[in-house]
Amino acid sequence: MTFSSLILTTLTFGAMFSVLTLSLNLQYARGGMINFGTVAYFASGAYAYAIFTQDPPSGLDQYAFGLGLPWYVGFLAAGVASLLFALITGWPTLRLRGEYLALTTFAFAEVLHSFLLNERRIGNGSVGLSNVERPDPALIGVNDMLAYAIAAVALMLMTAFFFHRLLNSPFGRTVDAVHDDETAAQAIGKDGARIRLQVFVLSAIPIGFAGALYAMITTLVAPAMFTAELTFFVWIALALGGQKTILGAILGTLALVFFQEAVGAIPFESVRAAQIAASVEEVVTGILFIIVLRWQPWERFSRRTKA
Amino acid sequence: MTLFLQFFLTGIVTGSFLILATIGFSFTRRVEGFLNIAHAELLGVSAFTTWGLNVLLGWHVVAAAIAGIVFTAFLGLAIGRIVYDPIRRLGPSVLLITSVGVAYAIGGTVDALVGTGIRTLDIPLATSYRFAGLRITDYQMIVVAFAVIATGALALFLNKTSMGLAIRAISANPELAASRGIDVKSTSRITWLISSGLAGLAGVMLAVVATLSTDIAFHQILQILAVAILAGLGSLYAVIAAGLIVGVAMDVSVFWIPAGYRPLIAFAVVILVLLFRPEGLAGRKSR
């Protein structure tokens, strides 16, 4: 892998996962909600996109629906699917706080994963859906990888812009008020649970879009791509970037993806060596995570620059 | 009917293992006040330490198991002192998220040292016994026996010794306990040793009844969480009841629905409990 293609891959996947980190940032840093089931909203977006664009089943296919619609319909459907899933999971759970919310969202993600794995009529079970439709960038004369890198960055920028505007609006101030002191906010007539549900559902939409983009880039959706590891990956990225800022969330994700891609790009002599490198990468990620949470260097740095 | 009872009996064995795996987790939650996601990785550490000593170095399985449990207990203590103690002031959410990082670090280390593949301990094959048409192996009986011994010993320790009293005082009200002269530091150390040691014991049981692969620890955390939530993250007796309920529900469900959904049953239980009775089976209202 050359250096330029490494940068391009980092940009594509980094920007795409940044969308997840941004949403998580909104939910955790501003809404005070710990969502340990992020991957479920991502998966529902990816599967919705695949099901809407896939041709009707034939031959050995076991899935029941393939609507064969154009890609932009699938893309919109991905946002809607993620929104609906957020409504279904958010409505009953958001009255729970802190660690209980973390556990319920985690449980919902596991349930969805198990359904995708076992219920072959959704998406061929563990095999998944392959050859997912995608717009062909060659029509406008751009190279595949470059086009999807641009698409990912565009989605990331739009999400960042949307969240930025949202949080600087009166609605954003209400969110902060509920987060800082729920009783006081309720005293002036703000319904805390309702606000939290709104934040939860709004932040799920871009995750669904990112899922659709992921399906386009990899042209494959399978349960193995959507495990709890992805949720934890996004959490680590969020912690690395330092919480509470949009730029931090993006930089943290890009740094983590670059680190993983760089390790993946090293040529290894044997399978065992590659395996050890993957494990060491996991250990380093975990230790980085612990260190960042313990010393919080970014917050200290920003405090110093302010003073 | 015999088949149904057979599933029920297997469910009790599964439940006993879940009790062993969860009491340490629940104990940490009670005394240290946070959910330690890395607890399940300690099961893996113990299982693979035992495997390494038993198979690679040729130790007798009992010696290997004891060494594995002791090593895991002290590893847990070290992690508690080095990683969790300094950030306790940041609150349970940060501790919970940090424990994910710890789980990564431990899981990756085990992966790097052991590698992929399926492994078993160097022990005789299980002998099957029949009682009124129901089958149970000797290793399954060992799991049930250890679950009974471990919970009984822990209950005696908490209720009959002064250290147990100190631990209960700290879990009820840390500030008050400290102001009454209870040594919080040494109590916390004992807690880490006990809960990690219990994780070690559960890991050894896992190595005895199941085949080992390095992702086995991660699968356990899902079921541990299910049992802990159902128990209400509190009393020891609730953990026993919850472990048996989840174990039996998972194994008996195979009677009606495809076996692939077995783990899903645990989570269906979690979701139902959190929606209708968020304080758990025996917990007080504290949301």
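Above: the structure in question.
Residues numbered from 1 in each chain as written. Chains lettered and ligands numbered in written order. Predicted model: local features only at pLDDT ≥ 70, side-chain atom pairs only at ≥ 80, totals over all residues. Heavy atoms only, no water.

Asker: Help me get a handle on the overall build of chain A, residues and values and all.
Answerer: A tally of regular secondary structure across chain A gives 13 helices and two strands. Dimensions of chain A, computed from the C-alpha atoms along their principal axes, are close to 60 × 45 × 40 Å. The buried share of chain A, reckoned over its 307 residues, is 53%. Expressed as a percentage of contacts within chain A between residues at least 6 apart in sequence, the contacts between residues at least 24 apart total 77%. With the model as given, the accessible surface of chain A reaches about 13900 Å², and the carbon-plus-sulfur share is 66%. Within chain A, the 19 negative side-chain charges are centred at a point lying 12 Å from the centre of the 18 positive side-chain charges. (Helix = DSSP H or I, 4+ residues; strand = E, 2+ residues; numbered from the N terminus. Buried < 20%, exposed > 50% of the residue type's maximum accessible area, 1.4 Å probe, protein only. Contact = heavy atoms within 4.5 Å. Areas by Shrake-Rupley, 256 points an atom, 1.4 Å probe, with all protein chains shown as cover. Lys, Arg positive; Asp, Glu negative; His and termini not counted. Charge placed at Lys NZ, Arg CZ, Asp CG, Glu CD.)

Asker: Report on a nonpolar patch on the surface, specifying residues and quantitative values.
Answerer: Side chains of Val 80, Leu 84, Leu 87 and Ile 88 of chain A sit close together on the surface and give an oily, nonpolar patch of about 350 Å² of accessible area. With respect to the secondary-structure elements, Val 80 of chain A resides in helix α3 (residues 71–93). (Patch = residues over 30% accessible without salt bridge, like charges linked within 9 Å, V, L, I, M, F, W, Y side chains within 5 Å. Salt bridge = Lys/Arg side-chain N within 4 Å of Asp/Glu carboxyl O.)

Asker: Explain the nonpolar core to me, using residue names and the numbers behind them.
Answerer: Among the nonpolar cores identified, the biggest contains 178 residues, and Met 16, Phe 17, Phe 36, Phe 42 and Phe 226 of chain A together with Phe 17 and Tyr 84 of chain B are the most heavily contacted of them. Per-element accounting of this core gives the leading share, 15 residues, to helix α9 (residues 192–218) of chain A. If we skip the residues at most four places from it in the chain, Met 16 of chain A touches Phe 42, Ala 152, Ala 210, Leu 213, Tyr 214 and Ile 217 of chain A. (Core = buried A, V, L, I, M, F, W, Y, C linked by side-chain atoms within 4.5 Å.)

Asker: Account for the environment of Asp 191 of chain A, naming residues and giving values.
Answerer: Among the structural elements, Asp 191 of chain A can be located in the loop between α8 (182–187) and α9. Expressed as a C-alpha distance, the spacing of Asp 191 of chain A and Val 178 of chain A, which sit 13 residues apart in the sequence, is 8.4 Å.

Asker: Can you explain the interface of chain B and chain A? Please cite residues and give values.
Answerer: Counting residues at the interface gives 41 residues for chain B, matched by 40 residues for chain A. With both sides pooled, the region where chain B packs onto chain A buries about 3800 Å², and carbon together with sulfur makes up 72% of that total. Per-residue buried area on chain B facing chain A is highest for Ile 97, Tyr 104 and Tyr 261 of chain B; these three make up 18% of the total on that side. For the pair chain B and chain A, the number of links is zero salt bridges. Joining chain B to chain A, the criterion identifies two residue pairs in polar contact (both at pLDDT 80 or more). Contributing elements (two or more residues each) for the side of chain B that touches chain A: α3 (61–84), α4 (92–114), α9 (216–231) and α11 (262–276) of chain B. Tallying contributions element by element places α4 of chain B first for the side of chain B that touches chain A, with 17 residues. (Buried area = accessible area lost by both parts, 1.4 Å probe. Polar contact = N/O pair within 3.5 Å; in protein donor to acceptor, adjacent residues only side chain to side chain.)

Asker: Please set out the environment of Pro 56 of chain A residue by residue, giving values where relevant.
Answerer: Relative to the helices and strands, Pro 56 of chain A resides in the loop between α2 (38–53) and α3. The exposure class of Pro 56 of chain A is exposed, given its relative accessible area of 53%.

Asker: Before we move on, can you summarise the packing of helix α1 (residues 3–30) of chain A against helix α10 (residues 228–240) of chain A with the specific residues and values?
Answerer: Packed helix pairs are characterised by how far apart their axes lie and by the angle those axes make with each other. Residues and elements named next belong to chain A. The interhelical angle for the contact between α1 and α10, taken along N-to-C directions, is 70 degrees, at an axis separation of 9 Å. The angle between the axes of α1 and α10 places the two elements in the roughly perpendicular class. In this structure, α1 contributes Phe 17, Leu 20, Thr 21, Leu 24, Asn 25 and Tyr 28 to the contact, and α10 contributes Leu 230, Phe 233, Val 234, Trp 235, Ala 237 and Leu 238. Across the contact of α1 with α10, the residue classes tally to ten nonpolar, two polar and no charged. (Axes fitted to C-alpha atoms, helices over the stretch in contact; angles between N-to-C directions. Parallel < 35°, antiparallel > 145°, perpendicular 65-115°, else oblique. Nonpolar A, V, L, I, M, F, W, Y, C, P; charged D, E, K, R; others polar.)

Asker: Go over the packing of aromatic side chains with me, naming the residues and quoting the values.
Answerer: The way to describe two aromatic rings as a pair is by their centre distance and the angle between their planes. Summed over all chains, the structure comprises 25 aromatic pairs over all chains. Clustering of aromatic rings is evident, with ring pairs tying together Phe 13, Phe 17, Phe 42, Tyr 47, Tyr 214, Phe 226 and Phe 233 of chain A. (Phe/Tyr/Trp six-rings, centres within 6.5 Å; stacked < 30°, edge-to-face > 60°.)

Asker: Could you give me a rundown of the pattern of salt bridges, with the residues and numbers involved?
Answerer: A side chain with one charge may pair with a side chain of the opposite charge, provided their charged atoms come close. Tallying each qualifying case throughout the model produces five salt bridges over all chains. For Arg 30 of chain A, the salt bridge identified is with Asp 176 of chain A, shortest N-O distance 2.8 Å. Highlighted residues: Arg 30 of chain A in helix α1 and Asp 176 of chain A in helix α7 (residues 170–180), separated in sequence by 146 residues. Between Arg 88 of chain B and Asp 85 of chain B there is a salt bridge whose closest N-O contact spans 2.4 Å. Accessibility expressed as a relative area gives 32% for Arg 88 of chain B, which makes it partly exposed. Asp 85 of chain B sits in the partly exposed class, given a relative accessible area of 22%.

Asker: So what about the packing of α2 of chain A against α9 of chain A? Which residues, and what values?
Answerer: Residue and element names in this part refer to chain A. Here α2 crosses α9 at 50 degrees, and the two axes come no closer than 7 Å. Taken as axis vectors, α2 and α9 run oblique relative to one another. Note that α2 runs across α9; the crossing there is right-handed. In contact with Thr 38, Tyr 41, Phe 42, Gly 45, Ala 46 and Tyr 49 of α2, α9 contributes Phe 200, Ala 204, Ile 207, Gly 208, Ala 210, Gly 211, Ala 212, Tyr 214, Ala 215 and Met 216. Broken down by class, the residue content of the contact of α2 with α9 amounts to twelve nonpolar, four polar and no charged. (Left-handed = near helix turned anticlockwise from the far one by under 90°.)

Asker: Give me the lowdown on the side chain of Glu 32 of chain B, citing residues and values where you can.
Answerer: Residues and elements named next belong to chain B. By the element assignment, Glu 32 lies in helix α1 (residues 2–32). Within the structure, the side chain of Glu 32 is placed 3.2 Å from the side chain of Ser 188, a separation counted as a polar contact. Every residue in contact with Glu 32, bar those within four places of it in the chain, is listed here: Arg 88, Ser 188, Thr 191 and Trp 192.

Asker: So, helix α6 (residues 144–167) of chain A: which residues are in play, and what are the values?
Answerer: Residue and element names in this part refer to chain A. Its 24 residues place the ends of α6 35 Å apart at the C-alpha level, agreeing with the 34 Å of an ideal helix rising 1.5 Å per residue. Where α6 is concerned, the buried positions are Ala 147, Tyr 148, Ala 149, Ala 152, Leu 155, Met 156, Thr 159, Ala 160, Phe 163, Leu 166 and Leu 167. Along its buried surface, α6 packs onto α1, α3, α7, α9 and α11 (246–265). (Expected span 1.5 Å × (residues − 1).)

Asker: Account for the pairing of strand β2 (residues 134–137) of chain B, with residues named and values stated.
Answerer: Residue and element names in this part refer to chain B. Burial of β2 is one-sided: the residues Leu 134 and Ile 136 facing one way are buried, the residues Arg 135 and Thr 137 facing the other way are not. Examined bridge by bridge, strand β1 (residues 128–131) and β2 share four bridges and lie antiparallel to one another. Following the sheet pairing, Arg 130 is matched in β2 by Arg 135. Between β1 and β2, which follow one another and run antiparallel, lie two residues, and Ala 132 among them has a positive phi close to 50 degrees. (Pairing = 2+ DSSP bridges.)

Asker: Help me get a handle on the side chain of Thr 89 of chain A, residues and values and all.
Answerer: Mapped onto the fold, Thr 89 of chain A is located in helix α3. Not counting residues within four places of it along the chain, the set of residues in contact with Thr 89 of chain A comprises Tyr 41, Phe 108 and Phe 200 of chain A.

Asker: Could you give me a rundown of unusual backbone geometry, with the residues and numbers involved?
Answerer: When glycine is set aside, most residues are seen to have a negative phi, and most peptide bonds are trans. Phi at Thr 219 of chain A is positive, roughly 50 degrees, even though this residue is not glycine. Relative to the elements of secondary structure, Thr 219 of chain A occurs in the loop between α9 and β2 (220–221).

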